Amino acid sequence: MVVAPSQVEQQNWTPAASAQLYGLDQWGDPYFSVNARGHVLVQPRGDRGGSLDLVELVEGLQSRDLQLPLLIRFEDILEDRLERLHGAFERAIAQYGYGGHYQGVFPVKCNQQRHVVEQLVESGRRWHFGLEAGSKAELLIALSLLDDPKALLICNGYKDQRYIETAILARQLGRQPVVVIEQADEVPRIIEASRNLGAAPLIGVRAKLSTRSTGRWGSSVGEKAKFGLSIPDLLATVEALRDADLLGDLRLLHFHIGSQICDIAVLKDALQEAGQLYVQLASLGAPMGFLDVGGGLGVDYDGSRSATAASTNYSLQNYANDVVATIRECCEPQGVAVPTLVSESGRAIASHFSVLVFNVLGQSGVNQPTIPEAVDGEALIVRNLRETLSGIGPDNLQEAWNDALKFKDDALAAFRLGYLSLTERGKAEQLYWACCSAIADLLPGDEELPDELKGLKAAFASTYYANLSVFRSAPDTWAIDQLFPVMPIHRLQEQPRELGSFADLTCDSDGKLARFIASGSAKPLLELHELKDGEPYWIGLFLGGAYQEVMGNLHNLFGSTNAVSIRLSPGGPYRVEHVVRGQTNSDVLEAMEHNPEALLERLRQASEEAIGSGDLSISAARRLMQHLEGSLRQTTYLEDSSPG
Ligand code: PLP
């Protein structure tokens, strides 16, 4: 339903009001804001100057034949995230007089795209920023892209003999791979591989901390954690390495208490436990030198700065301060030299830099109800609804809503029992919606609304059909109820008068975006604009640069979207650095072992038969083949699909 905006409301609405409504001032800072034209503005270098109008950027990309849905990667943001991370640790190290330094790594699992990893290696060179691999394929990426001999290559995950030997040999290549022992059974394999090759890797141990963690990834710690050595296993490992003459290569202690740590208190406990473990390992004779605090540095997706799943109750600086101060407090009193601090922050580095922009294909909702004309002899239920409608006023909204609901239910029951004709049931429904509409027009603001009347607002919500697959582009929204900021990227000078959620292109009822950030808890509906004939409506999904691209799947055979890397340019507003075309229908068919050519040939033969039997004309057959051939070359998403 469209509630006609009053002149006054429309005039009073400002882009700033939209920024507040969508929480942009909180989660968007310092990269995203709204400009006077009501467009999302991107400041890819944060507060260091330079900005891009996101709508103009999308238009510019469309004119280069890059259609929506489009994943836009801002390389400057990625660089800025690295700078902020290093800046925070540098400040903390100076503030606490820490006698060591910080040297982070990027966990490749977070986003393995070549351009992304290459850029991180390049931008991180000045800090000897390294990579973390969790599998043999990721090790291959890290080995080939990380050419800085001082950067760390942390080797995590399950390891077979080949993985371990590759890491040992890479050390001889002049790299710094650290094989982190995550399972007790890796110890004999490392010892054997070192004996066979006559060389040892740099060795790390991952501790299973007993600190209690919280949130979705809370089970990454404790006795039942998938990875890490228990204290007895840790002690046995030290002795086994000593016996094999490898203790001198034990250089790193690692822990990871789960992704998206929401509560800083949890991290502090873990740091204290790990700090003491580090001291003990040093006192057992291991040279050590590195303490790797893992991933987990969180992202404030909803901007609430709270210890809830979509937020964090700490800042980046707060995180760095606690790591530095706690480890110093553990080491110094024991006379143990403080370690080089390593973190494997993925989400905190890669979330902000990519924005997914998709278009809306259409909208379904409740139409403006028409009131059926009254006739003599109408059923009592219909008359009751008419009376309810005519009596609606600002003082009886709740009562009128209760009555309308009751009479609608009565009408259904009467129809089921055969006491109400189909025509009268139709009238009852029209009158019910007319009541809802009249009540909705008189409703006060959300804060003053009784819970039951909030349900009425939801009844009018629209479904916006989105040209995307959540399974491909935002899988965590489906798999783990992850919240991302989602909002229109234009028309922000207009008050959004609709409530709605998004349904994606897949024929799966789970294929939807129906949880949105809100202060307190998530909300099921988002404030959106009414679609205008012939005009596109573009929506941005923000902060999805970590994990979404790589975890996305081919459900319903919707493939990757077009992706572009953008850089602010000194000579113009921006430069398109890289274009990665989305998968075509042919690509996704091949991914499922189909042969597109054979498939076409089979259909060509079928059309010949149909021509022969007179069921299909030659021109229709040609048209069909043209469509099929064209589809194979095209993206899996809908083309040229603005509403109107
Ligand atoms: N390190 C390890 C061992 C992980 O398992 C993960 C992911 O869960 C990370 C680092 C990255 O974590 P985050 O993205 O929360 O920084």
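Thresholds, definitions, all that
Residues numbered from 1 in each chain as written. Predicted model: local features only at pLDDT ≥ 70, side-chain atom pairs only at ≥ 80, totals over all residues. Heavy atoms only, no water. Helix = DSSP H or I, 4+ residues; strand = E, 2+ residues; numbered from the N terminus. Buried < 20%, exposed > 50% of the residue type's maximum accessible area, 1.4 Å probe, protein only. Contact = heavy atoms within 4.5 Å. Areas by Shrake-Rupley, 256 points an atom, 1.4 Å probe, with all protein chains shown as cover. Pairing = 2+ DSSP bridges. Axes fitted to C-alpha atoms, helices over the stretch in contact; angles between N-to-C directions. Salt bridge = Lys/Arg side-chain N within 4 Å of Asp/Glu carboxyl O. Phe/Tyr/Trp six-rings, centres within 6.5 Å; stacked < 30°, edge-to-face > 60°. Lys NZ or Arg CZ within 6 Å of the ring centre and 35° of its normal. Core = buried A, V, L, I, M, F, W, Y, C linked by side-chain atoms within 4.5 Å.

A. Spotlight on the overall build of the chain. Secondary structure assignment for the chain yields 23 helices and 21 strands. Here the C-alpha coordinates of the chain stretch approximately 100 × 75 × 60 Å along the principal axes. For the chain, the proportion of its 644 residues judged to be buried stands at 54%. Long-range contacts, defined here as pairs at least 24 residues apart, represent 76% of the contacts in the chain between residues at least 6 apart. Approximately 28,100 Å² of the chain is accessible, and the part contributed by carbon and sulfur atoms is 49%.

B. Just the sheet that holds strand S5 (residues 105-107), in detail. The strand order across the open sheet formed by eight strands is S5-S6-S7-S8-S9-S10-S11-S12, and the pairing between neighbours is parallel. In the strand order of this sheet, the two ends are held by S5 and strand S12 (340-342), each with one partner. Pairs of neighbouring strands in the sheet enclose a mean axial angle of 25°, with direction left out of account. Two elements, strand S7 (residues 152-155) and strand S8 (residues 176-181), share four bridges in a ladder whose sense is parallel. Directly across from Leu153, in S8, lies its bridge partner Pro177. Against the sheet, helix H11 (residues 264-283) touches strand S9 (202-206), strand S10 (250-254) and strand S11 (290-292), its axis set at about 165° to S10.

C. Geometry of the pattern of salt bridges. Scanning the entire structure with this criterion turns up 32 salt bridges. Two residues, Arg73 and Glu549, come together in a salt bridge whose shortest N-O distance is 2.6 Å. Of the two residues, Arg73 sits in strand S4 (residues 70-74) while Glu549 sits in helix H20 (residues 548-551), which places them 476 residues apart along the sequence. One exposure class covers both Arg73 and Glu549, and it is buried.

D. Expanded view of the packing of aromatic side chains. With the rule as written, the count across this model stands at 17 aromatic pairs. Both rings, one in Tyr158 and one in Phe227, keep their centres 5.1 Å apart while their planes meet at 55°; by these two values the pair is tilted. Taken together, the residues span a long stretch of sequence, with Tyr158 in the loop between S7 and helix H8 (161-172) and Phe227 in the loop between S9 and helix H10 (231-243) at a distance of 69 residues. Residue class for Tyr158 comes out exposed when judged on its relative accessible area of 51%. With 6.1 Å between their ring centres and 45° between their planes, Tyr464 and Tyr537 make a pair best called tilted. One end of the pair, Tyr464, is in strand S14 (residues 462-466); the other, Tyr537, is in the loop between strand S18 (526-528) and strand S19 (538-541), with 73 residues separating them in the sequence. When sorted by exposure, Tyr464 lands in the same class as Tyr537, which is buried. Lys408 extends its terminal NZ or CZ atom over the ring of Tyr432, reaching a point 4.6 Å from the ring centre.

E. Expanded view of the pairing of strand S21 (residues 574-580). Where strand S20 (residues 562-568) lies against S21, six bridges are found, and the strand directions are antiparallel. Residue pairing for S21: Val564 is matched across the bridge by Val579. Between the antiparallel neighbours S20 and S21 lie five residues.

F. Structural view of the nonpolar core. Among the nonpolar cores identified, the biggest contains 146 residues, and Phe32, Leu54, Ile72, Phe74, Phe502 and Phe542 are the most heavily contacted of them. By residue number, the principal contributor to this core is H11, which donates ten residues. Leu54 has contacts with Val40, Val42, Ile72, Phe74, Val355, Ile489 and Phe542, leaving out every residue within four places of it along the chain. Core analysis: the second largest hydrophobic core is formed by 28 residues, Ile392, Ala400, Leu443 and Leu453 among them.

G. How the structure looks around unusual backbone geometry. The step from Asp29 to Pro30 runs through a cis peptide bond, and the omega angle for that step is 5°. Following the sequence through the fold, Pro30 ends up in the loop between helix H3 (24-27) and strand S1 (32-34). Along the chain, Leu68 connects to Pro69 via a cis peptide bond; the corresponding omega equals 0°. The topology assignment puts Pro69 in the loop between helix H4 (54-62) and S4. Positioned with a positive phi, Asp65 is a non-glycine residue whose angle comes to about 70°. Summarising the element assignment, Asp65 is placed in the loop between H4 and S4. One non-glycine residue, Met288, adopts positive backbone phi at about 50°. With respect to the helices, strands and loops of the structure, Met288 is situated in the loop between H11 and S11. Owing to a relative accessible area of 1%, Met288 belongs among the buried residues under this scheme.

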